[in-house]
Amino acid sequence: MEVKTKGIVIRTIKYGEASAICNILTEQFGLLGFHIPGVYKNKGKIKISYLQNLNILELSFNYKKTTNLHRIKDLHCDSHLHLINFSQQAFYHVVCELLQQTIKEDEINSDLFEYLKDDAIPSMSSSIHFWQMPFVMLSILHHHGCAPNCSNYSESSYLDLQNGVFLESLLPLKTIADIESSATIYQILTKGISHLPNNQTLRQKVIENLIVYYQWHISHNFDLKSRNVLIAMSQ
């Protein structure tokens, strides 16, 4: 079945001397693998520059549910990122790693696709807000349907990272964010980030708590090895 759909490049790796294996999040079918021959030797219409992570594509291919690697028949790059400073580049690399660990094969999530295409990816070409990384992490959780439940929040509550709820008291054997981090996460979820102070220690603490949250709700193996580069974003 030949289909035409929009896609977002999630990862491209070299395969052999000249070919590439590309994982593309498609609007209609979720994350799919594609074998693209000769792309590193500029053979054919597809250029390697089209396959940069987070490029937004228009592609057509023959879809087969039982096929691990599809072949692209036609591809156009609708948009690609222009990252002109270190903060944008650092943010880009961490988001790439975040998406590579959280998007699962064949899982169709149109809300997440639209958020990435229309909001998260375009925002990388503008000024990166100090709190943008925690905001994106929480937004992705929201579009996966597992963001923290804010209904029981109070100023003295703690976020239970395992169960995704705010608690009035510390409970034994629970993975808990402290009050300051819990309050900041609640603020991001309900009021955005424009009003938050530039507190490097607090931001790092919130990110570490969100990594634990991802481990409970997305994947036990989740980690952001490139997160230390975020420190430079506040310099």
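Above this note sits the structure.
Residues numbered from 1 in each chain as written. Predicted model: local features only at pLDDT ≥ 70, side-chain atom pairs only at ≥ 80, totals over all residues. Heavy atoms only, no water.

K.L.:
Describe the side chain of serine 123, listing the residues and the values that go with them.
P.N.:
Here serine 123 lies in helix 2 (residues 110-123). In this view, serine 123 contacts Ile128 and Gln132; residues no more than four positions away in its chain are not counted. (Helix = DSSP H or I, 4+ residues; strand = E, 2+ residues; numbered from the N terminus. Contact = heavy atoms within 4.5 Å.)

K.L.:
Could you give an account of the packing of aromatic side chains, with specific residues and numbers?
P.N.:
Scanning the entire structure with this criterion turns up eight aromatic pairs. Residues tyrosine 153 and phenylalanine 166 carry aromatic rings whose centres are separated by 5.1 Å and whose planes lie at 80° to one another, so their mutual orientation is edge-to-face. In this pair, tyrosine 153 is assigned in the loop between helix 3 (132-143) and strand 7 (158-160) and phenylalanine 166 in strand 8 (residues 165-167), connecting sequence segments 13 residues apart. Take tyrosine 153 and phenylalanine 166: they sit in the same class, and that class is buried. Measuring from ring centre to ring centre gives 3.8 Å for tyrosine 153 and tyrosine 186, while their planes differ by 10°; the resulting arrangement is stacked. Taken together, the positions of tyrosine 153 in the loop between helix 3 and strand 7 and tyrosine 186 in helix 4 (residues 179-191) put the pair 33 residues apart, joining distant regions of the chain. Here the two residues tyrosine 153 and tyrosine 186 agree in accessibility, since each one is buried. Through a chain of ring-to-ring contacts, three or more aromatic side chains come together here, namely Phe29, Phe34, Phe61 and Tyr63. Over the ring of tyrosine 40 we find lysine 14, and its NZ or CZ is 5.1 Å from the ring centre. Here the guanidinium or amino end of arginine 203 rests over the ring plane of phenylalanine 130, the centre of that ring lying 4.1 Å away. (Phe/Tyr/Trp six-rings, centres within 6.5 Å; stacked < 30°, edge-to-face > 60°. Buried < 20%, exposed > 50% of the residue type's maximum accessible area, 1.4 Å probe, protein only. Lys NZ or Arg CZ within 6 Å of the ring centre and 35° of its normal.)

K.L.:
Before we move on, could you go through the nonpolar core and cite the residues and values that matter?
P.N.:
Core analysis: the biggest nonpolar cluster contains 52 residues, and Ile8, Leu54, Leu98, Leu116 and Met137 have the highest contact counts within it. Every element with two or more residues in this core is listed here: strand 1 (2-15), helix 1 (86-102), helix 2, helix 3, helix 4 and helix 5 (200-217). When sequence neighbours within four positions are dropped, the list of residues in contact with leucine 98 reads Met133, Val136, Met137, Ile140, Tyr214, Phe222 and Leu224. With 18 residues, the next largest nonpolar core counts Ala20, Leu32, Val39 and Leu57 among its residues. (Core = buried A, V, L, I, M, F, W, Y, C linked by side-chain atoms within 4.5 Å.)

K.L.:
Which residues make up the sheet that holds strand 2 (residues 19-26), and what values do they have?
P.N.:
Ordered by their spatial adjacency, six strands build an open sheet running 5-3-2-1-4-6, and the pairing between neighbours is mixed. Every interior strand has two partners, whereas the edge strands, strand 5 (69-70) and strand 6 (72-79), have only one. Judged from the eight bridges that link them, strand 1 and strand 2 form a sheet pairing that is antiparallel. Of the residues in strand 2, the one forming a bridge with threonine 12 is cysteine 22. Here helix 2 sits on the sheet and contacts strand 1, strand 2 and strand 4 (56-62); the angle it forms with strand 1, its principal contact strand, is near 65°. (Pairing = 2+ DSSP bridges. Axes fitted to C-alpha atoms, helices over the stretch in contact; angles between N-to-C directions.)

K.L.:
Outline the pattern of salt bridges, listing residues and values.
P.N.:
For the structure shown, the criterion picks out eight salt bridges. A salt bridge links aspartate 74 to lysine 45, with the shortest nitrogen-to-oxygen separation between them at 3.4 Å. Here the residue aspartate 74 occupies a position in strand 6, and lysine 45 occupies one in the loop between strand 3 (30-36) and strand 4, the gap between them amounting to 29 residues. Using a relative accessible area of 27% as the deciding quantity, one classes aspartate 74 as partly exposed. With relative accessibility at 60%, the residue lysine 45 sits in the exposed group. Between glutamate 180 and lysine 205 there is a salt bridge, with the nearest N and O atoms lying 3.3 Å from each other. Of this pair, glutamate 180 sits in helix 4 while lysine 205 sits in helix 5, placing them 25 residues apart in sequence. (Salt bridge = Lys/Arg side-chain N within 4 Å of Asp/Glu carboxyl O.)

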